[in-house]
Amino acid sequence: MTGCRLVVSRLDAYADGELVPDQVIEIEGHLAECNGCSARLQLEHATRKSMRRTVYAAAVPTDAFRERLALQLRAAEAAEEQASAAGDGRRGAMLSWGSILPLAAAAAIALFWSKDVNDHRVISPKPSNNAIAASDPINVEQLLDEIIDRHVDRSKPTVTEPTLLDGMEPEVGVPVHAPSLAQYGARWEGGSVVPIRDQRAASLRYRLDGHRMTLYVFNSERFPLNTRLKKRVVRDEPVYVGWKRGFSIAAKERRGVGYAVATDLGEDEGAEIVASLH
Amino acid sequence: MTALKTKPSEFEREALSHLSTLLAVSSRLTRSSVEAEDLVQDTLLKALRAREHFTPGSNMRAWLLRILTNTFINRYRRGGLERSVLDGPDADPLADGWIGASTMEAMRDPESRALRSLLEREIVAALDELPEEFRLAVVLSDVEELSYKEISEIMGCPIGTVMSRLHRGRRILKGRLYEHARSLGIVGPENAIGTAKAAQEKAAQAAQEPVVALADYRRGKAARG
């Protein structure tokens, strides 16, 4: 009779259904006669069942998440289709996403920092216009949504030592410093690199007077915020402000670096803080 | 402006039918619910762009899990999964799977639901403490019930490596759960180990197991092929 030792060494593979028929027969013969080994097998099965149940229960997708994904998949598919329509009649799949992105980025730069928010509505219908899909209002709404999602998220910042912030530069692609903002009574709490859309931004947490504030630092070419935010001039600097889900967002661009402040303070405070950055 | 379709495409419908799976695996890989959602989102957008490379009718779940794993490795772990620093046989009481029948009985069937849920709560914590390469192998096998071959394709390693990662991961996991069961009084200490010498022998023997199992597997393969 096959010994317990051999059976135990193969029990995992048996429970995984990875043994050949001869080995299965051998093991099952032993299991029929050995209470110890059948108990081991039952423990195997019970553990896996519990694991499946708990791992799934710990991560149930919310309806909001499912909807966000559906929207993003549709937007991406629509962008592909538009791009293929602009191509030379080849099938949509032939024009890869990779070739759309530079076009989209070019359109986004033109849009974000153009003088008039409404300019893009009259951009001449040149072929590159098809790439505007990547910065259409729905995507900008999603961008703002993510900025707010990140702001309300309470997970611990990865960096709390200011001198370590420059380690974020390779990821974010622009210089990252935490401005003191002490003149506003703000205290820096820490920073993280966060993914927003396909890009990465530095997220710097502040607390002032019982309010939370997140300052994002990013490559300004990648975030077409102004298509949705309103332009205003603070201290001779153009700043873009708006609201999303009850939070104010203020953004500006300086020397190729984008800054955005999300906070439950008013838009005036946000605009003032963002204008003070240099 | 782009008019968004109101109906889901075939791809969207099928891909989103695996959302629970993707989020479950992603959550255990990233150990963070926020990052888990990001990873799933990146995975689905990548899958959409690469959908011509998917063979209709083949296993989309495994295909998506491969993209998810690769995306995780590229984004968080340039150069591969975090390696295990554990080497050699460990001294866990369950290291070799030799425990008394009454202990196994007790762990399999804690009398009350409350006890079981206490034990189950520990599972996710115990999983999250495993080194990534063990954790992923265990999740893909025990939770997702994928074959060793599918797991080796997803993790980009030989089947023998999958087997040893599974073996070691499960061993550590069981040790943790056993300790937890003991601290909850579900099982008694008398079931634990025999003498120190016996434990040593068993640990030494356990270290041989992956090799034996792999040799068996190869023989099995040769016999099948």
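Residues numbered from 1 in each chain as written. Chains lettered and ligands numbered in written order. Predicted model: local features only at pLDDT ≥ 70, side-chain atom pairs only at ≥ 80, totals over all residues.

Peer 1: I tried to follow the overall build of chain A on my own but got confused; where do I start?
Peer 2: Helix and strand counts for chain A stand at eight helices and seven strands. Expressed as a percentage of the 278 residues in chain A, the buried residues total 37%. Relative to all contacts within chain A whose residues are 6 or more apart in sequence, the contacts with residues 24 or more apart total 55%. (Helix = DSSP H or I, 4+ residues; strand = E, 2+ residues; numbered from the N terminus. Buried ≥ 20, exposed ≤ 12 C-beta atoms within 10 Å, placed from the backbone. Contact = placed C-beta atoms within 7 Å.)

Peer 1: Even after reading the chapter, I still don't get the overall build of chain B, so can you show me in this structure?
Peer 2: Regarding its fold elements, chain B presents ten helices and zero strands. Reading the helices (α) and strands (β) of chain B from amino to carboxyl end gives α-α-α-α-α-α-α-α-α-α. A total of 225 residues make up chain B; the buried ones form 37% of that total. Contacts spanning at least 24 positions in sequence make up 75% of the contacts within chain B whose residues lie at least 6 apart.

Peer 1: Just checking my understanding: could you explain the confidence of the model for chain B for this structure?
Peer 2: Low pLDDT marks regions whose predicted coordinates should not be analysed in detail. All names here are of chain B. Confidence in the prediction for chain B averages 75 pLDDT; 62% of positions are at 70 or higher. Low confidence marks residues 190-200, where pLDDT is under 50. Its contacts with residues over four positions away, or in another chain, come to nine contacts. The model gives residues 206-225 a pLDDT under 50, and that stretch makes 26 contacts with residues more than four places away or in other chains. Predicted complex, confidence summary: ipTM 0.76, pTM 0.54. (pLDDT = per-residue confidence, 0-100.)

Peer 1: Please clarify how the nonpolar core should be interpreted in this entry.
Peer 2: Generally speaking, a soluble globular protein has its nonpolar side chains buried in company with each other. In this structure, Ala137, Val138 and Ile151 of chain B are the most contacted members of the largest nonpolar core, which totals 51 residues. Sequence-distant contacts of Ile151 of chain B, defined by excluding residues within four places in its chain, comprise Ala137, Leu140, Ser141, Leu146 and Val162 of chain B. Counting 39 residues, the second largest nonpolar core, distinct from the first, contains Phe223, Leu225, Ile273 and Val274 of chain A. (Core = buried A, V, L, I, M, F, W, Y, C linked by C-beta atoms within 7 Å.)

Peer 1: How should I be thinking about the pairing of strand 3 (residues 211-219) of chain A in this particular structure?
Peer 2: On any regular strand, side chains alternate: one points to one face of the sheet, the next to the other face. All names here are of chain A. Both strand 2 (residues 199-208) and strand 3 contribute to a ladder of seven bridges, which runs antiparallel. If you follow Ala202 over to strand 3, its bridge partner there is Val217. Direction of pairing for strand 3 relative to strand 7 (residues 257-263): antiparallel, over a ladder of seven bridges. Bridging across to strand 7, Met213 finds its partner in Thr263. (Pairing = 2+ DSSP bridges.)

Peer 1: What's the story with the environment of Leu164 of chain A in this structure? I'm lost.
Peer 2: As for its placement among the helices and strands, Leu164 of chain A is situated in the loop between helix 6 (137-152) and helix 7 (169-172). With 27 residues separating them in the primary sequence, Leu164 of chain A and Gly191 of chain A have C-alpha atoms 9.5 Å apart.

Peer 1: I tried to follow helix 8 (residues 148-155) of chain B on my own but got confused; where do I start?
Peer 2: An α-helical segment advances 3.6 residues per turn. Residues three or four places apart therefore align on the same side. Residue and element names in this part refer to chain B. Buried within helix 8 are the following residues: Tyr148, Glu150, Ile151, Ile154 and Met155. Seen from one end, helix 8 has its buried residues packed into an arc of 160°, which puts them on one side. Elements that come into contact with the buried residues of helix 8 comprise helix 4 (60-76), helix 7 (132-143) and helix 9 (159-183). Gly156 sits one or two positions beyond helix 8 and adopts a positive phi of about 65°. (Arc of directions from axis to C-beta.)

Peer 1: What should I look at first to understand the packing of helix 7 of chain B against helix 8 of chain B in this one?
Peer 2: Geometry of a packed helix pair, given as the angle between the helix axes and the separation of the axes. Residue and element names in this part refer to chain B. It is at 10 Å that the axes of helix 7 and helix 8 come closest, and there the two elements cross at 140°. As far as their axial angle goes, helix 8 and helix 7 are oblique. Regarding helix 7 and helix 8, the two cross each other, and that crossing is right-handed. Contact with helix 7, carried on its side by Leu136, Ala137, Leu140 and Ser141, involves Ile151, Ile154 and Met155 of helix 8 and no other residues of that element. Along the lines of polarity and charge, the residues of the contact of helix 7 with helix 8 split into six nonpolar, one polar and no charged. (Axes fitted to C-alpha atoms, helices over the stretch in contact; angles between N-to-C directions. Parallel < 35°, antiparallel > 145°, perpendicular 65-115°, else oblique. Left-handed = near helix turned anticlockwise from the far one by under 90°. Nonpolar A, V, L, I, M, F, W, Y, C, P; charged D, E, K, R; others polar.)

Peer 1: Would you explain the sheet that holds strand 3 of chain A in this entry?
Peer 2: All names here are of chain A. Read across the open sheet, the seven strands follow the order 1-2-3-7-6-5-4; overall the sheet is antiparallel. What marks the edges here is a single partner per strand, and that holds for strand 1 (186-196) and strand 4 (230-234). In this sheet, adjacent strand axes meet at a mean angle of 25° when their direction is disregarded. Along the sheet face, helix 8 (residues 267-276) touches strand 4, strand 5 (237-244), strand 6 (247-254) and strand 7 and points at about 20° away from the line of strand 6.

Peer 1: Explain helix 9 of chain B here, please?
Peer 2: For helix 9 of chain B, spanning 25 residues, the distance from its first C-alpha to its last is 36 Å, which sits close to the expected 36 Å at 1.5 Å a residue. Gly185 of chain B occupies a position one or two residues after helix 9 of chain B and carries a positive phi of about 80°. (Expected span 1.5 Å × (residues − 1).)

Peer 1: How should I be thinking about unusual backbone geometry in this particular structure?
Peer 2: Leave glycine aside and you will find that most residues have negative phi; peptide bonds, for their part, are mostly trans. Residues and elements named next belong to chain A. Backbone geometry places Asp209, a non-glycine residue, at a positive phi of 55°. Its place among the elements puts Asp209 in the loop between strand 2 and strand 3. Despite not being glycine, Arg235 shows a phi value in the positive range, around 50°. Residue placement: Arg235 occurs in the loop between strand 4 and strand 5.

Peer 1: Honestly, the packing of helix 1 (residues 4-15) of chain A against helix 3 (residues 35-57) of chain A in this entry has me stumped. Any pointers?
Peer 2: Residue and element names in this part refer to chain A. Direction vectors running N to C along helix 1 and helix 3 enclose 25°, while the axes themselves pass 10 Å from each other. With respect to each other, helix 1 and helix 3 are oriented roughly parallel. As for how helix 1 packs across helix 3, the hand of that crossing is right-handed. Packed against helix 1, whose contacting residues are Cys4, Val7, Val8, Leu11 and Ala15, the element helix 3 presents Gly36, Cys37, Arg40, Leu41, Glu44 and His45 at the interface. Across the contact of helix 1 with helix 3, the residue classes tally to seven nonpolar, two polar and two charged.

Peer 1: Any chance you could explain the environment of Leu39 of chain B here in plain terms?
Peer 2: Inspection of the secondary structure assignment puts Leu39 of chain B in helix 3 (residues 33-49). Expressed as a C-alpha distance, the spacing of Leu39 of chain B and Ser26 of chain B, which sit 13 residues apart in the sequence, is 6.7 Å.

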